[in-house]
Each structure stands twice: as C-alpha cells, then as structure tokens.
Amino acid sequence: MYQYASAPPPGSGGEWGANAAGSGPGSPGGPGGPGGAGGPGGTGGKSNRTGLFIAIGVAVVVVVLLVVLAANLLFGGDEPGGTTDPTPEPTHTTEEVTEEPTEDPTDEPTDEETTDEPADPATGTGDYEYLAVGDPALIADTGGEPVVEVRLLQVERDWQADDANAILCDEPEGEFVAMEFEFTTLPALADYSEGTYSFVGFELGMLDTSGNKIADLSALSGLFCLDSSQTPPPEMEPGEVYTGWALVDAPREPSAVIWEPWLDFSGTQPTYAWELADY
C-alpha cells in the first residue's frame, strides 16, 4: 500500500509554506501587489496618456495660429498683423469762370468815312504801271533801250463789224472792245532784230473790275473782223508814226487795257495799263 505524506499546516515552513506565504501573484511584494512591478491598470499607463494629451493640444494651437495667419494674409494686408491705409480717392473741383463786364469800351464805329480811291495812274499799283491818256508804253531791245513808243488813242466799247466783214466775223462771247493805237518807231529800231517792228496783238490784255487779269481773253477772235486798211502795217520802219486798230473779245466787264511785252527777253520791261474810264 502506498503511503501519502500529509501537507504541512498553514504557517509552517517548507515548500508549501513558502508558496503560501506570499510567493504567488497578488501577494504583497508579488506581481500586482503593493510594492511590486506595475501590472495592467497600474500607474505606468496613466503617465503615457498625459503626454499624448499635451501633444494633441500643442498641435491644435499650431493649426489655429496657421489658420489665423493665412486669413490675415488673405484679407488683412501684405504683412501679418499690418493694416493697410485706404487709398484716398481724387477729388475734382470745377471752378466756373465768369467773365465780368469791363468798363473799357470796345471798338466803336467812327464817323470817318473810308473810301477806296483809285490809284494814281502815274505811279501804278500792283504789277502794272498805269499810264495817263497820251503817255506811251515803251518797247525796248534786249539791252533795255526803247525802240518803239505805243499810245492808246481811243476805245470803242461793244464794237460791231460793218457789212463787209460781218460774214467772216464771229459773234463775241462777251463784247468786242476796239482800240486804236499809235506806234512811234525810234531810230534805235534800225539795230533791233531785222530793223522793223510788227504788231500781232499778243501784247494786249485786260483787267476786270476787281483788278485781276482776264485770263480767258481772246485777241484772235476778231482777227477777221478788221480789214487791212484798219490794222497797223505788218512791218513798221524806224523813224515813222503809224496808227491802227485792234480788237479783243472780253468775256466779262473790263476796267483797263494792259500792254504786256511778250517778247521781253531782258525781263526789265514793265506791264503797262490804261484805265478805260479815261477814254
């Protein structure tokens, strides 16, 4: 028969007593007991949660500061925390300028009458040298020496052709003005050109009532209205006096007859004019 040893009584020494006396878990000095290593739910877990809470709080503060800084940059100005001064709007002031009446008198009409008096024919006006009745227009050679004197003897306005020449004479555009000239050839004519002078009518012109040259004047329209007995001879010898008529068609009212030396190669001869009012 087998014999079993009996367990020692509580509080006795030996292996059983040692285990019972506090070597197991939960006993003083054991795991989880007072004075032992911290187990689950001990003081070590509480310390770790406190550090986590502090880190989360710091992160929240940083995020809030970043949000405030971004909002300030977007809506508060160029610099954080800075204020922007509003730009003053320009103001426009309009001053009304009023002209006050002055006591100084303006240009008042005067009782003096101004009349346009005709220029003295002896002095001439503009580009024309006006001649009185009987004064000659001089025709000079290339050296400026006179060779012929031309005088206007009479003028016939609204001239009509006689029956003998009426067939060949055309109707004027305005009116025919007939003029009788006197040609006095001087001895110096003998040394001029071929020693003779010929009058062809190109020298004649007219001024209108405004003093302007009539550009569309025709000296050839009356070429067939005069016969050879009425016109100057084709060649005039030196030292003689000749007379003859010339005819022009004036398209509008003339005021003066002009003599323009169209063969003036010296450029020194003036253009002469006779007032029709003197004839």
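Keep in mind the model is a prediction, meaning the values are calculated, not measured.

Draft legend 1. Examining a negative patch on the surface more closely. On the surface, Glu 194, Glu 235, Glu 237 and Glu 240 cluster together to form a negatively charged patch. In this fold, Glu 237 is placed in the loop between β5 (204–208) and β6 (241–250).

Draft legend 2. Seen up close, the pattern of salt bridges. Under the counting rule described, the total for this entry stands at 7 salt bridges. Glu 182 is the salt-bridge partner of Arg 151, the closest N and O atoms lying 4.0 Å from each other. Of this pair, Arg 151 sits in strand β3 (residues 146–157) while Glu 182 sits in strand β4 (residues 175–185), and the two are 31 residues apart along the sequence. With a shortest N-O distance of 2.6 Å, Arg 157 and Glu 175 are connected by a salt bridge. In this pair, Arg 157 is assigned in strand β3 and Glu 175 in strand β4, connecting sequence segments 18 residues apart. By relative accessible area, which is 14% here, Glu 175 ends up buried. Each of Glu 149, Arg 151 and Glu 182 takes part in salt bridges that share partners, so that together they form one network.

Draft legend 3. Summary view of the environment of Asn 212. Secondary-structure assignment places Asn 212 in the loop between β5 and β6. Sequence separation of Asn 212 and Ala 256 is 44 residues, and the distance between their C-alpha atoms is 9.9 Å. Discounting residues that sit within four places of it in the chain, Asn 212 has contacts with Met 206 and Leu 207.

Cut-offs and rules
- Every chain's residues receive numbers from 1 upward, in the order its sequence appears when written.
- At least 70 in pLDDT is required for a residue's local features to be given in this predicted model, at least 80 for side-chain atom pairs to be given and counted, and no such filter applies to totals for whole chains, interfaces and linings, which use all residues.
- The basis for every side-chain value is the complete set of heavy atoms in the structure, and neither hydrogens nor water enter the calculation.
- Patch membership needs two things, relative accessible area over 30% and no salt bridge, and members are linked within 9 Å if like-charged or within 5 Å if nonpolar (Val, Leu, Ile, Met, Phe, Trp, Tyr).
- Computed with the Shrake-Rupley method and a 1.4 Å probe, the accessible areas treat only the protein chains shown as cover for residues.
- In the sections that follow, a salt bridge refers to a side-chain nitrogen of Lys or Arg positioned within 4 Å of a carboxyl oxygen of Asp or Glu.
- By the counting scheme adopted, Arg and Lys are positive, Glu and Asp are negative, and His together with the chain ends is not counted.
- Note on charges: their place is set at NZ of Lys, CZ of Arg, CG of Asp or CD of Glu.
- Labels follow the DSSP assignment, with helices taken as runs of H or I lasting at least four residues and strands as runs of E lasting at least two, numbered in each case from the N terminus.
- Residue exposure (1.4 Å probe, protein chains only): buried if accessible area is under 20% of the type maximum, exposed if over 50%, otherwise partly exposed.
- Only heavy atoms matter for contacts: two residues are in contact if any of them lie within 4.5 Å across the pair.

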